[in-house]
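Fold and geometry: a report
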Amino acid sequence: MTAYKKLRVIISGGGTGGHIFPAISIANRFKEVNPETEILFVGANGKMEMEKVPAAGYKIVGLPICGLQRRLTLKNIWNDIQVPFKILISNARARKLIRTFKPDIAVGVGGYASAPLLFAATRRGVPSLIQEQNGFAGLTNKMLGDKVGCICVAYEGMEKFFPAEKIVMSGNPIRSSIRQATPEMRAEALKHYGLDPKRRQLLVIGGSLGCGTLNRTMKSWIEAGCPGGEDVEVIWQCGKYYEPDVRAFMEGRQLPFIHWSAFIDRMDLAYAASDLIVSRSGASSVSEICVAGKPCIFVPSPNVAEDHQTHNAMALVRREAGLIVKDAAAGAELMPLAMQVIHDEGRLELIGRNALAMALPDAAAIIVDEAYKLVA
């Protein structure tokens, strides 16, 4: 496709980095092909998209939409009582946004805010596209599958969730800075983080919100004297929520080869520096790790709908493109396995090569081209 006309694009979804960063990547691609394109994001009030999207240079409107909470607490009961009313208000505001913004195309990336916005768009005949990041489709996208014109996916076998004729294999949009590291990029990464090039480099990441299991596992390993890691250096992203606890734990410990932080801004360099990654298996993380061509031990979160992180990880494990440790077994099994693998050059090379073979680096471009087909 050579001509990209100016469009009015509305992009909806969010809740976690796994929804937000792909949405921003799609928006960036729309702007690349036609800088005059107008883009409006729609998110959920109080969620991280309300901070991350403006930081990326885009306007966002928040809806009061929220989901049901399963744990029985007074706060969650009050939340669940409000859900039906918030849905009604969000539906009304979504309809008004469609009337006033008059989009040429609506794009949904999953999350609470996608549902009212995409339902409102499809009812008014606005061409619509959804992007499903995971190997097990989310409830919102499953409900929208029959109504939208195109469904962009990142995993094979999604016909069990969506009409086969609407599915396009796109992969997941990722940050444009993520790529397979050159020797020069790795040298820059080691310098950026102040790492010792003679040591093995382990990257531990728990997603944009952090991961209690990985943090507890790291703390236990450190308390035990870092067994097997005498020549290992660690970049450990603990998450903003867990920062006070990790800070208190690390206080007074002389551990110059453990570099911890709440959030990593330069993930491209963190990937480039690493010999091995330990990570949750959210869709964006899996896609970035494949594009970076890095070996990874995945610890899927058990606290997600339909156990979709296990589906994401197993798509790689089945092709020897990743390893998996169950969340419940992480305390006993994760770090011994990580120390074994990080010293096995042949295994690292094999897993990284197979991960790279599964990479789909042009996802945002494919999704935008499919959007243009819908409005042609």
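One can find the structure itself at the top, above this paragraph.
It should be emphasised that the depicted structure is a prediction, and the values quoted were computed from it without experimental measurement.

1. With respect to the packing of helix H7 (residues 212-223) against helix H8 (residues 243-250)
- At a minimum axis separation of 12 Å, H7 and H8 run at an interaxial angle of 0°. Taken together, the axis directions place H7 and H8 in an arrangement best described as roughly parallel. Contacts between H7 and H8 pair Asn-215, Lys-219, Ile-222 and Glu-223 from the former with Asp-245, Val-246, Phe-249 and Met-250 from the latter.
- The class makeup of the residues in the contact of H7 with H8 is 4 nonpolar, 1 polar and 3 charged.

2. Brief notes about unusual backbone geometry
- A positive phi is found at Lys-102, a non-glycine position, where the angle reads about 55°.
- Locating Lys-102 in the fold gives a position in the loop between helix H3 (74-101) and strand S4 (105-108).
- The exposure class assigned to Lys-102 is exposed, which follows from its relative accessible area of 59%.
- The phi dihedral of Cys-226 falls on the positive side, at around 55°, and the residue is not glycine.
- Take Cys-226: it is sitting in the loop between H7 and strand S9 (232-237).
- On the basis of relative accessible area, Cys-226 is assigned to the buried category, the value being 13%.

3. A word on the packing of H7 against helix H12 (residues 330-342)
- Interhelical geometry of H7 versus H12 gives an angle of 70° and a closest axis separation of 9 Å. By the angle class used here, H7 and H12 are roughly perpendicular. Along this stretch, H7 crosses H12, giving a crossing that reads as right-handed. Residues Thr-213, Leu-214, Thr-217, Met-218 and Trp-221 of H7 form the contact with H12, whose own contacting residues are Ala-330, Gly-331, Leu-334, Met-335 and Met-339.
- When grouped by side-chain class, the residues that make up the contact of H7 with H12 number 7 nonpolar, 3 polar and no charged.

Cut-offs used in this document
Residues numbered from 1 in each chain as written. Predicted model: local features only at pLDDT ≥ 70, side-chain atom pairs only at ≥ 80, totals over all residues. Heavy atoms only, no water. Axes fitted to C-alpha atoms, helices over the stretch in contact; angles between N-to-C directions. Helix = DSSP H or I, 4+ residues; strand = E, 2+ residues; numbered from the N terminus. Parallel < 35°, antiparallel > 145°, perpendicular 65-115°, else oblique. Contact = heavy atoms within 4.5 Å. Nonpolar A, V, L, I, M, F, W, Y, C, P; charged D, E, K, R; others polar. Buried < 20%, exposed > 50% of the residue type's maximum accessible area, 1.4 Å probe, protein only. Left-handed = near helix turned anticlockwise from the far one by under 90°.

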